[in-house]
Amino acid sequence: MVLDAYSGKSLYYSGWGEQTAFGQATTVGIPFHRGEFGWWNQALLLIFGLGVLFSIASGWMMAYLRWRQQGQFLPKLLAGAWRSLPVPVYVVALLLCGLFPLLAISGSLLVLFEVWLARRPKATA
């Protein structure tokens, strides 16, 4: 609804039928995201949140254990692994990095970190 700032008269009103599919999904999604549909909604969000926390913790644990055993966080790639991917994979990755700048930043940092780990001199014990 759009109101005139001076008279308070309604200038425009958009009901449910006039909204786009994205607008309707947003209208339903916001209260779902905030857990306003009852205990089942909050339980579902709790399960999802715990799953995210478990994924983060187990990922860091796996990376730490791999680092302790192999000296690097990511598994070693086989020779030619980057060349074996089809071209559309690279196109999609570039599109996603263009759409999500934080993905581009974090992905670039991860690649730089892995290159640094691969090129640093190995410590002899």
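Above this note sits the structure.
Criteria and cut-off values
- Numbers given for residues are sequential positions, taken from 1 along each chain in its written order.
- Totals for whole chains, interfaces and linings use all residues, but because this is a predicted model, local features are given only for residues with pLDDT of at least 70 and pairs of side-chain atoms are given and counted only at 80 or more.
- Excluded from the side-chain calculation are hydrogens and water; included are all heavy atoms of the structure.
- Helix and strand assignments come from DSSP, with helices taken as H or I runs of at least 4 residues and strands as E runs of at least 2, each series counted from the N terminus.
- Each radius of gyration reported is based on C-alpha atoms, and the globular scaling rule is 2.2 Å times the count of residues to the power 0.38.
- Each residue gets one of three labels from its accessible area relative to the maximum for its type: buried under 20%, exposed over 50%, partly exposed in between, using a 1.4 Å probe on protein chains only.
- Should any heavy atoms of two residues lie within 4.5 Å, those residues are counted as being in contact.
- The accessible surface values rely on the Shrake-Rupley method and a 1.4 Å probe; as for residues, cover is taken only from the protein chains in view.
- In this charge count, Lys and Arg are treated as positive and Asp and Glu as negative; neither His nor the chain ends contribute.
- Note on charges: their place is set at NZ of Lys, CZ of Arg, CG of Asp or CD of Glu.
- What counts as an axis is a line fitted to C-alpha atoms, over the stretch in contact for a helix, and the angles between N-to-C directions run from 0 to 180 degrees.
- Oblique is the label for every angle not falling under 35 degrees (roughly parallel), over 145 degrees (roughly antiparallel), or within 65 to 115 degrees (roughly perpendicular).
- Side-chain classes follow a simple rule in which Ala, Val, Leu, Ile, Met, Phe, Trp, Tyr, Cys and Pro form the nonpolar group, Asp, Glu, Lys and Arg form the charged group, and the remainder, Gly included, forms the polar group.
- Patch membership needs two things, relative accessible area over 30% and no salt bridge, and members are linked within 9 Å if like-charged or within 5 Å if nonpolar (Val, Leu, Ile, Met, Phe, Trp, Tyr).
- One side-chain nitrogen of Lys or Arg within 4 Å of one carboxyl oxygen of Asp or Glu is enough to make a salt bridge.

### Focus: the overall build of the protein chain
Across its full length, the protein chain holds four helices and two strands. Taken against the 2.2 N^0.38 rule, which gives 14 Å for 125 residues, the C-alpha radius of gyration of the protein chain at 24 Å runs more than 25% over that of a compact globule. Projected onto its principal axes, the C-alpha coordinates of the protein chain cover approximately 80 × 35 × 30 Å. With 125 residues in all, the protein chain has 7% of them scored as buried. By sequence separation, contacts in the protein chain at least 24 residues apart represent 19% of the contacts at least 6 residues apart. As presented, the protein chain carries roughly 11,000 Å² of accessible surface, and 73% of it is formed by carbon and sulfur atoms. Each charge class in the protein chain can be summarised by its mean position, and for the 9 positive and 4 negative side chains these summaries are 31 Å apart.

### Topic: the packing of helix H1 (residues 21–33) against helix H2 (residues 39–70)
Orientation of H1 relative to H2, taken along the N-to-C sense of each, is 80 degrees, at an axis distance of 10 Å. Taken together, the axis directions place H1 and H2 in an arrangement best described as roughly perpendicular. Contact with H1, carried on its side by Pro31, Phe32 and His33, involves Trp40, Asn41, Leu44 and Leu45 of H2 and no other residues of that element. Residues that form the contact of H1 with H2 fall into these classes: five nonpolar, two polar and no charged.

### Overview of the environment of Pro88
With respect to the helices, strands and loops of the structure, Pro88 is situated in helix H3 (residues 87–99). The class for Pro88 is exposed, based on a relative accessible area of 52%. In this structure, the C-alpha to C-alpha distance between Pro88 and Leu103, residues 15 residues apart in sequence, is 18 Å.

### Description of a nonpolar patch on the surface
A cluster of nonpolar side chains, contributed by Trp16, Val28, Phe32, Phe37, Trp39, Trp40 and Leu44, occupies part of the molecular surface with about 780 Å² of accessible area. With three residues, H2 is the largest single contributor of residues to the nonpolar patch. For Phe37, the location among the structural elements is in the loop between H1 and H2.

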